[in-house]
Amino acid sequence: MYDILLWGGRVVDVHTRTSRIANLAIKDGRIACISGTDLPAGRVVDCRGLVVSPGFIDPHGHLDGHIYAGQLSALQGITTTIGGNCGLSPLDLPEFFAAQQKQGYPIHQAEMIGHSFTLRRAVGIEDENVPATPSQVQEMERLARKGLEAGACGVSLGLDYSPGAGEEEILAMSRLAAEYGRTLPVHTRLFTQNDLYSLYEMFSASKKTGARVLLSHFVYQYSGFGTMEPALEAVDRARASGLDIWMDTGMYTPWATYVGTATFAPETIKDLALRFGDMVVATGKYTGQTLNEELYYLLRRKYPNESVICFTGCDDEVDAAIRKPYAMPSTDAAGYRQGEGHPQIAGSFPKYLCRVLRQKKELSLEEAVYKATLLPARTLGLPQGFGTLDEGALADITIFDPETVEDKAAFPHLGDPDAPPVGIPYVLVAGQLAVDNGQITQSRSGKIIRYTKQGHQVL
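Residues numbered from 1 in each chain as written. Predicted model: local features only at pLDDT ≥ 70, side-chain atom pairs only at ≥ 80, totals over all residues. Heavy atoms only, no water.

A. Fine view of the overall build of the protein. For the protein, the helix and strand inventory stands at 14 helices and 23 strands. Taken over C-alpha atoms, the radius of gyration comes to 21 Å for the protein, in line with the 23 Å a tight globule of 459 residues would show. Here the protein, with 459 residues, has 64% of them falling under the buried criterion. Sequence separation of at least 24 residues holds for 75% of the intrachain contacts in the protein that already meet a minimum separation of 6. Accessible surface, the protein: about 17000 Å² in total, of which carbon and sulfur atoms supply 48%. Of the side chains in the protein, 42 bear a positive and 53 a negative charge, and the two mean positions are spaced by 3 Å. (Helix = DSSP H or I, 4+ residues; strand = E, 2+ residues; numbered from the N terminus. Rg over C-alpha atoms; globule rule 2.2 N^0.38 Å. Buried < 20%, exposed > 50% of the residue type's maximum accessible area, 1.4 Å probe, protein only. Contact = heavy atoms within 4.5 Å. Areas by Shrake-Rupley, 256 points an atom, 1.4 Å probe, with all protein chains shown as cover. Lys, Arg positive; Asp, Glu negative; His and termini not counted. Charge placed at Lys NZ, Arg CZ, Asp CG, Glu CD.)

Here you go:
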């Protein structure tokens, strides 16, 4: 007798990028059998007309143990999140892992060790515009190595947040990522509207060190300024030359971050020709209000940790990015209070499916599923079985209706940024239902994925 049977759904094989109608049985948290015959089970879930997919893997998040953010991720079909991106992570990873293991979490978590906020501040750098000294670079190397030994899945850079970070810092982090065989995600820095230096900087680091570079939330970085096409061409050329370059990208062009960071500094706003009228407060007492100069300076002075959304970009460029074979969808989701934030926290993956399968018809069903599952699993070196429906693998499974799946989250001045999607009735994490008939459960079956030199520990 199996625990759960997913009956009559279209099961996607991401290895071959094919699909077939089959029954999938789950026992003790793992996929036990995929068969065309009926199988006995304690619970049978009718999946006729639905797609049975590996659970989605979000390669770029900032959930970092925030329970509500984990629930919103589960509702949109995510079963594994990669945290600690953009150079911002917990410093004491053993403590973080232990706390998460104790409390449990709705989905699986892997974690980066972050450079641009975490390590720079840990070595005493308070000014984001100054480079590290040689001794500070050495100390950052020591701390990053400690994080990698503790199980970090890579070293993340947030160069837009530390414009003073010099080449030696970047190369030191790149060398460590390469040495440990782990990924180097980077939120690239942008100096002007037409800047491609930020890409060549990372291509150079990859060439010198052999690091695998994951370019973070690509559309947020390069859309709307006339740089998307040349940026993608530059990535194509870098990969053709043998560099190990990948990218993740969201389904939105408006982006969000803390108003007190260098990204929203007056000089940046001037250099990028951004306008206050194109910015909306995403969190705090002014949520939903459009910025003006007075509100901008008030937030910078008194509420620097509140988030602001900047409306830029060209919608068609989302398609140009996601159709690249080395591109994978991501959320950039973070832990917000209920009713606040950017709709990416609740809508990214359903928006992706709706867009590429129905609205734009950019991808086949099987290719769309592959990009959201096995591609990020391989790029990030996740344990074998993640991102697949292989027999024996953890039963991380997302069940969705390709004809109705759709995001419902809205920008905070237009609606609810955390409104759950439709068309994703069931999500299983390690064989337990995290989403049951479209409703979040109180399951905490998510595990910590701790990387080691010998392989992985799934705690």
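B. A look at the environment of L63. Secondary-structure assignment places L63 in the loop between β6 (56–58) and α1 (67–75). Judged by relative accessible area, L63 falls into the buried class, the value being 2%. Remark: the alpha-carbon pair of L63 and K453, spanning 390 residues in sequence, is separated by 25 Å. Aside from chain neighbours lying at most four places away, what touches L63 is A69, G70, S73, T81, Y105, I107, A333 and A334.

C. The arrangement of the pattern of salt bridges in detail. All chains considered together, the criterion is met by 22 salt bridges. Notably, a salt bridge pairs D315 with R355, separated by 3.0 Å at the nearest N-O pair. Here the residue D315 occupies a position in the loop between β16 (307–310) and α11 (316–322), and R355 occupies one in helix α12 (residues 344–359), the gap between them amounting to 40 residues. Here D315 falls in the partly exposed class, since its relative accessible area comes to 41%. R355 sits in the buried class, given a relative accessible area of 4%. We note a salt bridge from D319 to R355, for which the minimum N-O separation is 2.7 Å. Of this pair, D319 sits in helix α11 while R355 sits in helix α12; the two residues are 36 residues apart in sequence, bridging distant segments of the chain. Connected via shared salt-bridge partners are D315, D316, D319, R355 and K360. (Salt bridge = Lys/Arg side-chain N within 4 Å of Asp/Glu carboxyl O.)

D. Inspection of the side chain of Q221 at higher detail. Tracing the backbone shows Q221 in helix α7 (residues 218–222). Classification of Q221 by relative accessible area gives buried; the value is 4%. Here T188 takes part through its backbone oxygen, which lies 2.8 Å from a polar atom of the side chain of Q221. Sequence-distant contacts of Q221, that is, excluding residues within four places in its chain, are made with H187, T188, L190 and S216. (Polar contact = N/O pair within 3.5 Å; in protein donor to acceptor, adjacent residues only side chain to side chain.)

E. Representation of the packing of aromatic side chains. All told, the structure shown has 13 aromatic pairs when counted by the stated rule. Ring geometry for F276 versus Y296: centroids 4.7 Å apart, planes at 35 degrees, classification tilted. You can see F276 sitting in the loop between α9 (266–271) and β15 (279–281) and its partner Y296 sitting in helix α10 (residues 293–302), a full 20 residues away along the chain. Owing to a relative accessible area of 0%, Y296 belongs among the buried residues under this scheme. Centroid distance F349 to Y352: 6.5 Å. Interplanar angle 70 degrees. Geometry classified as edge-to-face. Here F349 and its partner Y352 are both found in helix α12, 3 residues apart, which amounts to about one turn of the helix. Its relative accessible area of 0% is what places F349 among the buried residues. The ring of Y370 has R17 sitting right over it, with the charged end atom 3.6 Å from the ring centre. (Phe/Tyr/Trp six-rings, centres within 6.5 Å; stacked < 30°, edge-to-face > 60°. Lys NZ or Arg CZ within 6 Å of the ring centre and 35° of its normal.)

F. Spotlight on the environment of T18. Mapped onto the secondary structure, T18 falls in strand β2 (residues 18–27). Through-space distance from the C-alpha of T18 to that of Y370 is 9.9 Å; in sequence the pair is 352 residues apart. Excluding residues that lie within four positions of it along the chain, T18 makes contacts with V11, V12, D13 and E366. One polar contact links T18 to T16, side chain to side chain, over a distance of 2.6 Å.

G. Fine view of helix α6 (residues 197–209). Taking 1.5 Å per residue as the helical rise, α6 with its 13 residues ought to reach 18 Å, and the 18 Å between its terminal C-alpha atoms agrees with that figure. Looking one or two places after α6, you find G210, whose phi comes out positive at around 80 degrees. (Expected span 1.5 Å × (residues − 1).)

H. Inspection of the pairing of β2 at higher detail. Relative to β2, strand β1 (residues 2–13) runs antiparallel, the two being bridged by 8 bridges. Residue pairing across strands places L5 opposite A25, the latter belonging to β2. Between β1 and β2, which pair antiparallel and follow one another directly, the connecting turn spans 4 residues, one of which, R17, has a positive phi of 55 degrees. Alignment of β2 against strand β3 (residues 30–35), held across 5 bridges, turns out to be antiparallel. Bridge pairing in β3 links K27 to R30. (Pairing = 2+ DSSP bridges.)

I. How the structure looks around unusual backbone geometry. Residues other than glycine seldom take positive phi values, yet D64 does so here, at roughly 45 degrees. Secondary-structure assignment places D64 in the loop between β6 and α1. Backbone geometry places C86, a non-glycine residue, at a positive phi of 60 degrees. With respect to the element layout, C86 can be found in the loop between β7 (78–83) and α2 (93–103).

J. Structural detail: the packing of helix α4 (residues 134–150) against helix α5 (residues 167–180). Packing of α4 against α5 brings their axes to within 10 Å, and their N-to-C directions diverge by 25 degrees. When the axis of α4 is compared with that of α5, the two are roughly parallel. The way α4 lies across α5 gives a crossing that is right-handed. Across from V137, M140, E141, A144, R145, L148 and E149 in α4, the residues of α5 making contact are E168, E169, A172, M173, L176, E179 and Y180. Across the contact of α4 with α5, the residue classes tally to 8 nonpolar, no polar and 6 charged. (Axes fitted to C-alpha atoms, helices over the stretch in contact; angles between N-to-C directions. Parallel < 35°, antiparallel > 145°, perpendicular 65-115°, else oblique. Left-handed = near helix turned anticlockwise from the far one by under 90°. Nonpolar A, V, L, I, M, F, W, Y, C, P; charged D, E, K, R; others polar.)

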